Amino acid sequence: MTATTATLSTSPLPAGRTLRLGLSRIGYEVRGYFRAGDSVFFTFLFPLVMLTIFSVAFSNQSFGRDAAGNGISAATFYLPAMLAAGVLLSGIQNLGVDIAGEKGDGTLKRLGGSPLPVFSYFMGKIGQVIVTGILQAALLIVVAAVVFQVQLPTDPSKWMTFAWVFLLGVVTCSILGIAVSALPRTGKSATAVIIPITLVLQFISGVYLSFTQLPEWLQNVASVFPLKWLAQGMRSVFLPESFATLERGASWNLGGVAIATAIWFVVGIIVCRVTFRWIRKDS
Amino acid sequence: MTTSQSAAVTVTELRKTYGDVVALDGVSFTIARGETFALLGPNGAGKSTTIEILEGYRDRSGGGASVLGVDPGRGGIPWKARLGIVLQSSGEAGNVTVREQLTHFAGYYPNPRSVDEVITAVGLEEKAKTRISKLSGGQRRRVDVALGIIGRPELLFLDEPTTGFDPEARRQFWELIRTLKSEGTTILLTTHYLDEAAELADRAGVIAGGRLVDIGPIGEIGGAEARIPIVRWRDAAGSHEQRTSQPGLVVADLVSTAGGEPAGLEIVRPSLEDVYLGLVGSHAKQNQEIAA
């Protein structure tokens, strides 16, 4: 009798369980995200708020002209920057603060004692960022087009670029978010530790300030981090082709965008693999 | 082989040190399958350290441990699927409802209990659609218990499960534990409520200063000596107390000497709590003597 129970209960769990639980976690995480008012405001709507402020504040200024001589509005100029910032916030800031909080409030301890695979948990987090990131980007683009009359690209190849830059960016920033969640010592200090990181990155990576107007050494520093590259990739989609000359090296350098982001993707995976623990065993 | 098959938990000479601090100093016990075992002891005695080592949360510094035939330091997912864990602190206040949380966690286990049955068993029917963050402390504790049993565990860890329960909720919880016992669940319980241990446990271990100071069936903890009844009474000379295995004779004697009813007469059989306090107290005294 005992032997039968033992054999039954140690039999392997069904295949595909990790994926099924990962999908279940995505639903659970997305629901939790939209129920938490602060994350909806500070992460989800923040880029939209900033786009609105910039578009209204600088509505009389011209941000250059396209090849046909049409002026580029503030909204057009800031849309790609806010899309890139949204990816960064949804990934690094949102997940970094979220997971540090879960570490502090005992959520991770509970999950660590349950038969939930770590991979399913990660899937849930990354899936949540992909889902909320897509909604956020869609909202930004629609508001930019409808409210601020931003001319959207019509060339399908531009949208293909948008798709890969966005997805690569979202997944990379999610993994980096999981990685930086190890930094705060307590859940309460999470926002204080993580928000300055993302804020500084936004200022030096050409999100709020025009990148090429920064001193060269600062541009070099920013080029180490992924946000500069994501913003550049987004500009290549939404700004006129002639604006490429304003970039470093006078080109959009999409190859550089892919390589720099992919390197951070790999670095993020390694850091997560090395540092992520359900709990600190001997704290 | 036979022992590892029949025992749910085996602990031998378990040690845990944090730097120079010795938290556990050679604790050994066995819990049979289907048994309910209570681990008793004052705060900081090593109860939670022991239970967290067995749950796989902490590494041991020495000794052996086997939980459902697996070393808890290396337990994988299939092993965790056979456990139910109710941690000491509930902590998180999720913005999901009770039913959503239980339905989600049920999906982690190969053969979970019905969500509705579990909600009823912990008495949260009326709160099933309430977000966990909106519940009271005692109600959240019931959610913890519900999450601990949703996976139909073979072995259930309960670390101070009824903290924050009102008396009625505790009685209800005891009923639930009796049902689980009757279904063959092995239970390791730590508690500060000695009546709870007396109600639920088959055997208990008393832990103090990182050592097991006694272990045995609930009715035998502390030894026969500690359970000798006490007769108390008052007379002109003051209060008196006498330990005797024949309280009836002592009282009869008192009545005949006093020529009537003795004042303030009581016969007390030491409760588990008295026995426990005696054990823990004498341990503390020994330590003081060693230190001195």
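On a predicted model such as this, the values are computed, not experimentally measured, just so you know.

Definitions and cut-offs
- Residues numbered from 1 in each chain as written.
- Chains lettered and ligands numbered in written order.
- Predicted model: local features only at pLDDT ≥ 70, side-chain atom pairs only at ≥ 80, totals over all residues.
- Heavy atoms only, no water.
- Core = buried A, V, L, I, M, F, W, Y, C linked by side-chain atoms within 4.5 Å.
- Buried < 20%, exposed > 50% of the residue type's maximum accessible area, 1.4 Å probe, protein only.
- Contact = heavy atoms within 4.5 Å.
- Axes fitted to C-alpha atoms, helices over the stretch in contact; angles between N-to-C directions.
- Helix = DSSP H or I, 4+ residues; strand = E, 2+ residues; numbered from the N terminus.
- Parallel < 35°, antiparallel > 145°, perpendicular 65-115°, else oblique.
- Left-handed = near helix turned anticlockwise from the far one by under 90°.
- Nonpolar A, V, L, I, M, F, W, Y, C, P; charged D, E, K, R; others polar.
- pLDDT = per-residue confidence, 0-100.
- Pairing = 2+ DSSP bridges.

### What about the nonpolar core?
Counting residues in hydrophobic clusters, the biggest one holds 120 residues, and the most contacted among them are Met82, Leu83, Tyr121 and Phe162 of chain A together with Leu40 and Leu102 of chain B. Discounting residues that sit within four places of it in the chain, Phe162 of chain A has contacts with Leu83, Ala137, Ile141, Met234, Val237 and Phe238 of chain A. Membership of the second largest hydrophobic core comes to 27 residues, among which are Ala8, Leu14, Phe37 and Tyr57 of chain B.

### A closer look at the packing of helix H6 (residues 118-146) of chain A against helix H7 (residues 156-180) of chain A
Residue and element names in this part refer to chain A. At a minimum axis separation of 9 Å, H6 and H7 run at an interaxial angle of 135°. Here H6 lies oblique to H7, going by the angle between them. Considering only the axes of H6 and H7, their crossing is right-handed. Facing Phe122, Ile126, Val129, Ile130, Gly133, Ile134, Ala137 and Ile141 of H6, the residues of H7 in contact are Trp159, Phe162, Phe166, Leu167, Val170, Val171, Ser174, Ile175 and Ile178. Within the contact of H6 with H7, the residues separate by chemical class into 15 nonpolar, two polar and no charged.

### Some thoughts on the confidence of the model for chain A
Residue and element names in this part refer to chain A. Of all residues in chain A, 95% have pLDDT values of 70 or greater, and the mean over the chain is 89. Across chain A, the secondary-structure element scoring lowest on mean pLDDT is helix H1 (residues 2-10), at 42, and the one scoring highest is H7, at 96. The low-confidence segment residues 1-9, where pLDDT is below 50, has six contacts with residues more than four positions distant or belonging to other chains.

### What about unusual backbone geometry?
Of note, the phi angle at Ala250 of chain A is positive, near 55°, even though the residue is not glycine. Relative to the helices and strands, Ala250 of chain A resides in the loop between helix H10 (226-238) and helix H11 (254-275). Despite not being glycine, Glu13 of chain B has its phi angle at roughly 50°, a positive value. Take Glu13 of chain B: it is sitting in strand S1 (residues 7-18).

### What about the sheet that holds strand S12 (residues 263-268) of chain B?
Residues and elements named next belong to chain B. Pairing is antiparallel across the open sheet formed by three strands, whose spatial order is S11-S10-S12. Pairing within the sheet leaves two strands with one partner each, and these edge strands are strand S11 (238-243) and S12. Going across the sheet, the axis of each strand differs from the next one's by a mean of 15°, ignoring polarity. Bridge count for strand S10 (residues 230-235) against S12 is four bridges, and the pairing is antiparallel.

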